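Okay, here's what each chain looks like letter by letter:
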Amino acid sequence: MSEAPDIATAWHWLLERRPGTRGATHDALPVVVEAAYAEPSLRARYPFPTHGTLHFLRSAPPWPDSDHDEAPFILYGGPPYQVYSSGYTDLLGECATPAEAAALVVSHLPAHTGGERGV
């Protein structure tokens with residue numbers, strides 16, 4: 001499976017459920033993708049669904065070896081939708097809706113990433 005070449009394309013492919021796109025066959029993913037896309041600071045990141053989670057990477061592939069994946073992520077099999085810190089180190093919360101989960105991710109974005117919080 002090839003990865004989208006840039007952030008905008010990655011979101012477009014996920015939103016349209018393009019065949020062959022990572023996560024396109026998971027019925028629980030689209031509502032989470034739509035909620036995350038509504039958040040400008042998440043929309044500026046590369047959406048990366050894997051193993052029932054939606055991660056928000058700082059850049060498109062090829063990825064560097066360091067901290068491209070330091071943001072919290074969403075387990076999309078909900079409700080409830082669980083939000084974890086990078087590396088599953090902490091459960092940040094359980095949310096009733098995908099929009100609440102996306103907002104929780106935004107509120108915990110690392111300060112140095114250029115996100116809307118803690119720029």
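Notes on the structure in this doc start here.

### Topic: helix 1 (residues 7-16)
Residues of helix 1 that are buried include every one of I7, A10, W11, W13 and L14, and no others. The buried residues of helix 1 occupy an angular sector of 165° when the element is viewed end-on, so they sit on one face. Trailing helix 1 by a residue or two, R17 shows a phi angle of about 55°, which is positive.

### Considerations on the packing of aromatic side chains
Tallied over the entire structure, the rule returns 4 aromatic pairs. On the basis of an interplanar angle of 75° and a centroid distance of 4.8 Å, the ring pair of F73 and Y88 is categorised as edge-to-face. Placement of F73 in strand 3 (residues 73-75) and of Y88 in the loop between strand 4 (81-84) and strand 5 (91-95) is noted, with a sequence separation of 15 residues between them. What links up through ring pairs into an aromatic cluster is the set F73, Y84 and Y88. Positioned over the ring face of Y37 is R43, at 5.1 Å from the centre of the ring.

### Looking at empty space enclosed by the protein
Overall, the coordinates contain 2 cavities of 30 Å³ or more when judged by the stated rule. The computed volume of the largest cavity comes to approximately 90 Å³. For the largest cavity, the lining is made up of 12 residues, of which E3, A4, T21, Y46 and P47 are closest to its centre. Those elements giving two or more residues to the lining of the largest cavity turn out to be helix 1 and strand 1 (46-50). For the lining of the largest cavity, the element with the highest residue contribution is strand 1, accounting for 4 residues. For the lining of the largest cavity, the per-class residue count stands at 8 nonpolar, 2 polar and 2 charged. In this structure, the second largest cavity spans a volume of roughly 40 Å³. Every residue lining the second largest cavity is listed: W13, L14, R17, G23, A24, H26, L29, P30 and V33. When residues of the lining of the second largest cavity are traced back to their parent elements, those giving at least two are helix 1 and helix 2 (29-37). With 3 residues, the top contributor of residues to the lining of the second largest cavity is helix 2. Split into classes, the residues belonging to the lining of the second largest cavity amount to 6 nonpolar, 2 polar and 1 charged.

### Some words on the pairing of strand 5
As paired elements, strand 4 and strand 5 share 4 bridges and run antiparallel to each other. Looking at the pairing, Q82 lines up with E94 of strand 5. What sits between the antiparallel neighbours strand 4 and strand 5 is a turn of 6 residues, in which G87 has the positive phi angle 75°.

Rules used in this analysis
- Residues numbered from 1 in each chain as written.
- Predicted model: local features only at pLDDT ≥ 70, side-chain atom pairs only at ≥ 80, totals over all residues.
- Heavy atoms only, no water.
- Buried < 20%, exposed > 50% of the residue type's maximum accessible area, 1.4 Å probe, protein only.
- Helix = DSSP H or I, 4+ residues; strand = E, 2+ residues; numbered from the N terminus.
- Arc of directions from axis to C-beta.
- Phe/Tyr/Trp six-rings, centres within 6.5 Å; stacked < 30°, edge-to-face > 60°.
- Lys NZ or Arg CZ within 6 Å of the ring centre and 35° of its normal.
- 1 Å grid on protein atoms, 1.4 Å probe; cavity = no way out; pocket = protein on both sides within 12 Å on 5 of 7 lines; lining within 4 Å.
- Points joined across faces, edges and corners; volume = space filled by probe spheres on them.
- Nonpolar A, V, L, I, M, F, W, Y, C, P; charged D, E, K, R; others polar.
- Pairing = 2+ DSSP bridges.

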